[in-house]
Amino acid sequence: MADYKRGFIEGNWTTAIDVSDFIKKNYTPYTGDASFLLGTTSRTDRVKKRVDELIIEETKKGGVLNIDTEHVSSLLTYKPGYVIKGDDIILGLQTDEPLKRAVNPFAGYRNAVQACKAYGYEIGENIKNEFRYRTTHNTGVFRAYTDTMKKARHAGILTGLPDAYARGRIIGDYRRIALYGMDYLIEQRKADKVRIGQRDMSDETIRLLEDIERQIEFMLQLVTMAKEYGCDISRPAENAYEAIQWLYFGYLGAVKEQNGAANSIGRISAFIDIYIERDIKEGTLDEQGAQELIDDLVLKMRLVRHLRTPEYNDLFAGDPVWVTCSLAGMCEDGRTMVTKTCYRFLQTLYNLGPSAEPNITVLWAQELPQNFKDFCAKVSIDTDSIQYENDDVMRKDFGDDYAIACCVSAMKTGKQMQFFGARCNLAKVLLMALNGGREEAHGDQIAPEGKVFDEKPLVYDEVIEAFKTYASWMAKLYVNTMNVIHYMHDKYAYERLMMSLHDVEPERLMAFGISGLSVLADSLSAIKYARVTPIKDENGLIVDFKTEGDFPKYGNDDERADSIAKWITEFFYGELCKTKTYRNARHTLSILTITSNVVYGKKTGSTPDGRRAGEPFAPGANPMHGRDCEGALASLNSVAKLDYACCMDGISNTFSITPEALGTDEDNRVENLTNVLDGYFLQKAHHLNVNVLNRQKLIDAMNDPSLYPTLTIRVSGYAVNFNKLTRDKQLEVIARTFHETM
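Model, not experiment: these values are computed from the prediction.

A. Region of the structure containing the packing of helix 2 (residues 42-60) against helix 12 (residues 287-302). With their axes 10 Å apart at the nearest point, helix 2 and helix 12 run at an angle of 10° to one another. Between helix 2 and helix 12, the interaxial angle falls into the category roughly parallel. Within the contact between the two elements, helix 2 uses Arg43, Thr44, Val47, Lys48 and Val51 and helix 12 uses Glu292, Asp295, Asp296 and Leu299. Its residues assigned to classes, the contact of helix 2 with helix 12 comprises 3 nonpolar, 1 polar and 5 charged.

And the structure:
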């Protein structure tokens, strides 16, 4: 490896797999401004023009350009594909043509069939024959599900579960390929198998030995895939181009093999910057070439597509893949991890235009250089395309080499993996508690039979006791449902390549989630501070409420309501932790809905806070639409009170403010937004999406998409092209609070 290590400071990384050590020893912090950045080259413009043409064609065809229905996607299914052969710098597409989608039925064959049919395609005979006698993850799950699990799923109490699609949210450490080369990584994995094979043959040992063999098989296939593009990833990368190409091949192999949601690319900016800095010093690369490399990598990430059913798209609107790319943060030794390549990634939003992908995530810290903070604020104001997460909070638990999966989920890169678990609709749990275990829409007895509350004013303490009983029961059911899902996913749809780029025995996290937080908090507040009387139908089922008097609402920095929201998360997390998880995964919890807050609302009856049956929830941890009426800062203060210690899978907050509210000119707006971010995160808040726009712009775009064809907005942990949202999702976004005062 001597030639590949030239100019690098050696350390533990030279004798063991330790990318973090390599970065700390060799990266160059940057505290300057953005004046060094450059625009696109003519080559980039040609490739971008072709990508734009393909996306327009894709949109005209209803969102799917083409589907290969004859082959099952895997690393070696397709011959090399290009956007423009000869003009592509970073090589590799999921299939043999840009935007052609592949079929990957391992998570669920019926889903693949339905997705093809939705766009006018039919699964080919080759795939039918291959899966005629093959058990998929989806089949295995439903074999093991209990009747109660099926009922809770059908009713939408446990919802969005990864039981019919690939689970996603696993971040391979793709940097390892560039730093060490695949020959070394394969050799190390074989040594792992020998070492683990000396243990007693318990269930876990046997499973792990099989996992390793499956990993090695796909590591070898990745080498073959790269060779077909003329690249030898068996050896380490020797320059910046190869470092980017090598790690991209790892990511590309992962998304060829698995169509799981949010298989993020990780935290790669400082790693790439080390190679760029060395090349510039050696005179083999200049700034224009460096920006061109990043531009081309980002173009390739924007082309990632998965085949989805309409039902999936209803939950996760906008056709997202969440290629989350984490930037900046601080090193544990006190140095900033801002590099010039952090700027280069942000510059792609100008060079290539605003975009939902990659899901650029800035790890915000109080000690970040002011120049970088200001540039981030400017990019947010101009593009609405980036999100922020509190590095000062996450670094304490995850160190300085973690990355974000999906939207808000932190994991130590290559050392932790996640069992994704969607969410529990806590607003429906409240309604079920009031109805003695029956679901409010159809009257099905899902939970154990209990007291049905009378048609007289509700007593807060009595409601809380009932809610605690049913929430505790639901938490146990939730954990056990997740255990079934991930047992079967490991058995039938295991992420062989991604897991080969982790430590052989990573720490596992099981990510639970809740939806309807603000609905539940306001409902309990109404019961406590106003007069709420249930209304029953002819079957004795509570289907509505008469709420008299005012009550404090979550989102106004009012401790009476905010303390209820805080208690809900802490209580439910504690109940989840009482039930053992599959493979001893650590329980984590998120407050995140993606765009599913619309679907969850459709499945939920009227609630004591005055929300009508079928109306959307607020996204994530947001206050309900229009109820946070005390200004932007009060709204942020309320969300900041939620404790990250019990929500370590993330607390999503989507914040919209008008340009006028931020200031009268660009400099003033940049300064004010930077101060807002500093102040919010200083309170140990976790996450913030930032939209700086007026409601009327969204209304105009909804009525005439051609006015703003690239309009990108943050929705709930991720960004979407506004025009890709369905009408109901657009209307829900328009109905959200747009703060007009600080």
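B. Geometry of the sheet that holds strand 16 (residues 654-657). Across the sheet, 5 strands lie side by side as 4-5-6-17-16; this open sheet has mixed pairing. Either end of the sheet is taken by a strand with one partner, and the two such strands are strand 4 (325-328) and strand 16. Averaged over all pairs of adjacent strands, the angle between strand axes in this sheet comes to 30°, irrespective of strand direction. Against the sheet, helix 14 (residues 340-351) engages strand 4, strand 5 (360-364) and strand 6 (386-390), with an angle of about 125° to strand 4. Its contacts with the sheet place helix 15 (residues 370-383) against strand 4, strand 5, strand 6 and strand 17 (687-692), and it is angled at close to 140° to strand 6.

C. The arrangement of the pairing of strand 7 (residues 402-405) in detail. Here strand 7 shows no split at all, with Tyr402 and Ile404 on one side and Ala403 and Ala405 on the other all buried. Taken together, the 4 bridges between strand 7 and strand 8 (residues 409-412) define a ladder with antiparallel strand orientation. Bridge pairing in strand 8 links Ala403 to Met411. Count of turn residues in the strand 7/strand 8 antiparallel hairpin: 3 residues, of which Cys406 carries a positive phi of about 60°.

D. Quick look at the packing of aromatic side chains. Taken as a whole, this structure holds 29 aromatic pairs when the rule is applied. Pairing Phe8 with Tyr275 gives two aromatic rings, centres 5.5 Å apart and planes at 80°, and the pair type is edge-to-face. One end of the pair, Phe8, is in the segment before helix 1 (19-26); the other, Tyr275, is in helix 11 (residues 269-282), and 267 residues separate them in sequence. Accessibility classification places Phe8 together with Tyr275 in one group, the buried group. Residues Tyr343 and Phe372 carry aromatic rings whose centres are separated by 5.3 Å and whose planes lie at 70° to one another, so their mutual orientation is edge-to-face. With a gap of 29 residues between them, Tyr343 in helix 14 and Phe372 in helix 15 connect regions that are remote in the sequence. The exposure classification of Tyr343 matches that of Phe372, with both residues buried. Members of the aromatic cluster, connected to one another through ring pairs, are Tyr30, Phe36, Tyr343, Tyr350, Phe372 and Phe375. If you follow Arg267 out to its NZ or CZ, it ends over the ring of Tyr402, 4.9 Å from the centre. Sitting over the face of the ring of Phe36, Lys340 holds its NZ or CZ atom 4.9 Å from the ring centroid.

E. Looking closely at the domain arrangement of the protein. For the protein, the domain assignment lists domain 1 (12-134 + 168-181 + 236-406) and domain 2 (420-652). The distance between the C-alpha centroids of domain 1 and domain 2 comes to 32 Å. Each partner contributes to the interface: domain 1 provides 28 residues, whereas domain 2 provides 24 residues. Both faces considered, domain 1 and domain 2 share a buried interface measuring about 2300 Å² in area, 61% of it formed by carbon and sulfur atoms. Counting the surface domain 1 buries against domain 2, the share from its top three residues, Arg169, Ile170 and Glu257, is 25%. Here domain 1 is connected to domain 2 by 3 salt bridges.

F. Representation of the pattern of salt bridges. Applying the stated rule across the entire model yields 70 salt bridges. Linking Asp87 and Arg46 is a salt bridge whose minimum nitrogen-to-oxygen distance equals 2.8 Å. Linking Asp87 in the loop between strand 1 (66-72) and strand 2 (100-103) with Arg46 in helix 2, this pair joins segments that are 41 residues apart in sequence. Here Glu58 ties to Arg101 by a salt bridge, and the two come within 3.2 Å at their closest N and O atoms. In this pair, Glu58 sits in helix 2 while Arg101 sits in strand 2, placing the two residues 43 residues apart along the sequence. The burial state of Glu58 is the same as that of Arg101; both residues are buried. Through salt bridges with shared partners, one network takes in Arg167, Glu204, Arg207, Asp211, Arg214, Asp490, Glu495 and Arg583.

G. Layout of unusual backbone geometry. Cis geometry marks the peptide bond from Glu357 to Pro358; its omega dihedral reads -10°. Inspection of the secondary structure puts Pro358 in the loop between helix 14 and strand 5. Located in the positive-phi region is Arg583, a residue other than glycine, with phi close to 55°. Here Arg583 shows up in the loop between helix 21 (559-576) and strand 14 (586-591). Using a relative accessible area of 12% as the deciding quantity, one classes Arg583 as buried. In this model, Asn584 sits at a positive phi of 55°, which is unusual for a non-glycine residue. We classify Asn584 as exposed; its relative accessible area is 58%.

H. Fine view of the environment of Asp667. The residue Asp667 is located in helix 25 (residues 666-682) in this model. A sequence separation of 227 residues divides Asp667 from Glu440, and the C-alpha atoms of the two residues are 52 Å apart.

I. A look at the side chain of Gln258. By the secondary structure assignment, Gln258 is in the loop between helix 10 (240-257) and helix 11. Excluding anything up to four places from it in sequence, Gln258 contacts Asn104, Ala166, Asn263, His306, His489, Ala493, Tyr494, Glu495 and Met498.

Basis of the calculations
- Residues numbered from 1 in each chain as written.
- Predicted model: local features only at pLDDT ≥ 70, side-chain atom pairs only at ≥ 80, totals over all residues.
- Heavy atoms only, no water.
- Axes fitted to C-alpha atoms, helices over the stretch in contact; angles between N-to-C directions.
- Helix = DSSP H or I, 4+ residues; strand = E, 2+ residues; numbered from the N terminus.
- Parallel < 35°, antiparallel > 145°, perpendicular 65-115°, else oblique.
- Contact = heavy atoms within 4.5 Å.
- Nonpolar A, V, L, I, M, F, W, Y, C, P; charged D, E, K, R; others polar.
- Pairing = 2+ DSSP bridges.
- Buried < 20%, exposed > 50% of the residue type's maximum accessible area, 1.4 Å probe, protein only.
- Phe/Tyr/Trp six-rings, centres within 6.5 Å; stacked < 30°, edge-to-face > 60°.
- Lys NZ or Arg CZ within 6 Å of the ring centre and 35° of its normal.
- Domains from an automatic or database assignment.
- Buried area = accessible area lost by both parts, 1.4 Å probe.
- Salt bridge = Lys/Arg side-chain N within 4 Å of Asp/Glu carboxyl O.

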